[in-house]
Amino acid sequence: MHVLMVMAAGLLLLGVFVLFGWLWVANAAGMVLAAKVFVPAWLVVAGVNMWVGVAHAGYSVRDELPILLLVFAVPAVVAGLIVWRLSHS
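Residues numbered from 1 in each chain as written. Predicted model: local features only at pLDDT ≥ 70, side-chain atom pairs only at ≥ 80, totals over all residues. Heavy atoms only, no water.

A. The overall build of the protein, seen in detail. A count of helices and strands for the protein gives 3 helices and 0 strands. Overall, the C-alpha framework of the protein stretches about 45 × 20 × 20 Å when taken along its three principal axes. For the protein, with 89 residues in total, the buried portion stands at 27%. In the protein, the share of contacts with a sequence separation of at least 24, taken over all contacts with a separation of at least 6, comes to 66%. Carbon and sulfur atoms make up 78% of the accessible area of the protein, which amounts to about 5800 Å² in all. (Helix = DSSP H or I, 4+ residues; strand = E, 2+ residues; numbered from the N terminus. Buried < 20%, exposed > 50% of the residue type's maximum accessible area, 1.4 Å probe, protein only. Contact = heavy atoms within 4.5 Å. Areas by Shrake-Rupley, 256 points an atom, 1.4 Å probe, with all protein chains shown as cover.)

Pasting the structure below:
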């Protein structure tokens, strides 16, 4: 359940990034830039989530690594789809 909540938070954060991209630039290029900036920011957040699982929840890095990849990949792929869609429209 925690994994789903973290991925949902990532999608929500992506939405915030894209919204601010639209508000600051008021065109698709700003939204594309915001989605591109989201990816490294989300990698940091997903890494912190992994660190919490290792340091405080008692999981090993080996246990947490697949979860990190899943938690990072879903919002990052959606961000990539947004970049692709907005770049080709």
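B. Just the side chain of Asn49, in detail. By secondary structure assignment, the location of Asn49 is in helix α2 (residues 28-55). At 3.2 Å, the side chain of Asn49 forms a polar contact with the side chain of His2. Asn49 has contacts with His2, Val6 and Glu64, leaving out every residue within four places of it along the chain. (Polar contact = N/O pair within 3.5 Å; in protein donor to acceptor, adjacent residues only side chain to side chain.)

C. Broad picture of the environment of Val83. Along the chain, Val83 turns up in helix α3 (residues 61-87). Judged by relative accessible area, Val83 falls into the buried class, the value being 17%. Note: C-alpha distance between Val83 and Phe38 (45 residues apart in sequence) is 11 Å. Among residues more than four places away in sequence, those in contact with Val83 are Val32, Ala35 and Lys36.

D. Just the side chain of Glu64, in detail. Within the secondary structure layout, Glu64 lies in helix α3. Although Glu64 lies buried, it forms no salt bridge, and the closest oppositely charged side chain, Arg62, sits 13 Å away as judged by the N-O distance. Not counting residues within four places of it along the chain, the set of residues in contact with Glu64 comprises Asn49, Met50, Gly53, Val54 and Tyr59. (Lys, Arg positive; Asp, Glu negative; His and termini not counted. Salt bridge = Lys/Arg side-chain N within 4 Å of Asp/Glu carboxyl O.)

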